Amino acid sequence: MAQPFLAARAQNEANVPETNRQLKLQSRPQGLLAPGDLQLVETPLPSVTDGQALARVKYISMLPTLRVWMAMDTYLPAVAIGEVMRADGFAEVVESRHKEFKKGDKVVGLTGMQDYCVIDAADKRGSFQKVPPIPFLSDTAFLGVLGVTGITAYFGMMDIAKPQKGETLVVSAAAGATGSIAGQIGRIHGCCVVGIAGGAEKCKWLTEDLGFDAAVDYKQPDWKEKLAAATPKGVDINFENVGGEIMHAVIDRMKLHGRIVLCGLISGYTKDDPALESFGMVLVKRLRVEGFIIIDYLNRFMEAATQLGKWKMFGKLKDRETIVEGLEKAPEAINMLFTGGNIGKLIVKV
């Protein structure tokens, strides 16, 4: 049955190529990605059968988790050597024999790092969802403020941090996609928000555009003193994205019975052991630490997206994107997450 559909594709989709570029994992990185860890290859364009749809990938979301998926089993198995690199993306259906998707539908899900992906009804994970047309939102917003990063910030803040008016919130990697939204949610709820970021441009964006009360540049030698000055009454909530020295400096500033939302430990993702160094102060200060994985909230994504969309529509949330052009540039983009090369949400335009 595949041949008639291939012929129809040639007639009706003249702009669809016969090959599919894919980035496949060739070796497990040591530190930052090196040339050849991900290899760009061309494979035949997949044909679709009953229950499947073919979608053109337009944008790929860059997340620190990508680096972890290359190295080890986590809540998902590590990407196997020779497999297309796993990644979330935004795509448009170009051909369908799937009852839930039609040509022209825009979707988000685990597209992988490639030009085209297959949506399969047999995939019980339900990894693709249609996105509605919303006039004031760009397509990329569904990978950022309304995507996994924004939703991660939402549930980390609303379900775990439970911010209260007058509390002090510190957010590390605050100029990143998740941290910038988490800090703004704290501000919406009346917190004094302090962001930790690298570089004057990022810190200026946090205070002047996003309304953070203070921003601490960890690249400056006196950053710990600046953190202390910005949190004179101590820290109630730490939204932790970095780990390492930055996390420990914030823990030193925390009040008794403070709360730590453990979202990520990005400082260790390119090292052999990304584990926490010490939890001694957690005991001394009787801190509450809770880690979370966003897939635990799959059945509540619409709740988060609806609220985030309202806040954005009424000007309470701002976002920023760094767009890298070209699928072949994805390995370089992944490294940018660990070298501080982006502000806001980092996206590869395929």
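Thresholds, definitions, all that
- Residues numbered from 1 in each chain as written.
- Predicted model: local features only at pLDDT ≥ 70, side-chain atom pairs only at ≥ 80, totals over all residues.
- Heavy atoms only, no water.
- pLDDT = per-residue confidence, 0-100.
- Contact = heavy atoms within 4.5 Å.
- Phe/Tyr/Trp six-rings, centres within 6.5 Å; stacked < 30°, edge-to-face > 60°.
- Lys NZ or Arg CZ within 6 Å of the ring centre and 35° of its normal.
- Core = buried A, V, L, I, M, F, W, Y, C linked by side-chain atoms within 4.5 Å.
- Buried < 20%, exposed > 50% of the residue type's maximum accessible area, 1.4 Å probe, protein only.
- Helix = DSSP H or I, 4+ residues; strand = E, 2+ residues; numbered from the N terminus.
- 1 Å grid on protein atoms, 1.4 Å probe; cavity = no way out; pocket = protein on both sides within 12 Å on 5 of 7 lines; lining within 4 Å.
- Points joined across faces, edges and corners; volume = space filled by probe spheres on them.
- Nonpolar A, V, L, I, M, F, W, Y, C, P; charged D, E, K, R; others polar.
- Axes fitted to C-alpha atoms, helices over the stretch in contact; angles between N-to-C directions.
- Left-handed = near helix turned anticlockwise from the far one by under 90°.

Asker: Can you help me understand the confidence of the model for the protein chain in this one?
Answerer: Should pLDDT be low for a region, the predicted coordinates there are not to be read in detail. When pLDDT is averaged along the protein chain, the result is 92, and 93% of the positions lie at 70 or above. Of the regions scoring below 50 in pLDDT, residues 1–14 engages in 16 contacts with residues more than four places distant in sequence or in other chains.

Asker: Before we go on, may I ask you to explain the packing of aromatic side chains in this structure?
Answerer: Given two aromatic rings, one states the distance between the centres and the angle between the planes to describe the pair. The final tally for this structure, using the stated rule, is six aromatic pairs. An aromatic cluster is defined as three or more aromatic residues linked by ring pairs; in this entry it consists of Tyr 154, Phe 155, Phe 292, Tyr 297 and Trp 311. Over the ring of Trp 69 we find Arg 86; its NZ or CZ atom is 4.9 Å from the centre of that ring. Looking at Arg 320, its charged tip hangs above the ring of Trp 205, at a distance of 5.7 Å from the centre.

Asker: I'm lost on the nonpolar core in this one. Help?
Answerer: The tendency in soluble globular proteins is for nonpolar side chains to be buried side by side. Leu 38, Met 62, Met 113, Leu 227 and Ile 334 are the most contacted members of the largest nonpolar core, which totals 57 residues. For this core, the element with the highest residue contribution is helix H10 (residues 330–339), accounting for six residues. Apart from residues lying up to four places away in sequence, Leu 38 is in contact with Leu 23, Lys 24, Leu 25, Leu 33, Met 70, Met 85, Met 113, Pro 331 and Ile 334. Counting 45 residues, the second-largest nonpolar core is a separate cluster that includes Ala 141, Val 171, Leu 206 and Phe 239.

Asker: Looking at this model, I keep getting lost on empty space enclosed by the protein. Mind explaining?
Answerer: Empty pockets left among the atoms are what a rolling probe the size of a water molecule brings to light. Per the counting criterion, the structure on display carries one cavity of 30 Å³ or more. Estimated volume of the largest cavity: approximately 70 Å³. Along the wall of the largest cavity there are 14 residues; nearest its centre are Gly 144, Val 145, Asp 319, Arg 320 and Lys 345. Sort the elements by how many residues they give to the lining of the largest cavity and helix H4 (residues 177–188) lands first, with three residues. Residues that form the lining of the largest cavity fall into these classes: four nonpolar, five polar and five charged.

Asker: Explanation requested: the side chain of Thr 111 in the structure shown.
Answerer: Residue placement: Thr 111 occurs in the loop between strand E5 (106–109) and strand E6 (116–120). Setting aside chain neighbours within four positions, we find Thr 111 in contact with Val 57, Ala 87, Asp 88, Gly 89, Phe 90, Ala 91, Cys 117 and Phe 128.

Asker: Mind showing me how you'd approach the packing of helix H6 (residues 223–230) against helix H7 (residues 244–253) here?
Answerer: Helix-helix packing is characterised by the crossing angle of the two axes and by the distance between the axes. Taken N-terminus to C-terminus, the directions of H6 and H7 make an angle of 35°; their axes are 10 Å apart at the nearest point. When the axes of H6 and H7 are compared, the crossing they make is right-handed. Packed against H6, whose contacting residues are Trp 223, Lys 224, Leu 227 and Ala 228, the element H7 presents Glu 245, Ile 246, Ala 249, Val 250 and Arg 253 at the interface. Counted by class, the contact of H6 with H7 contains six nonpolar, no polar and three charged residues.

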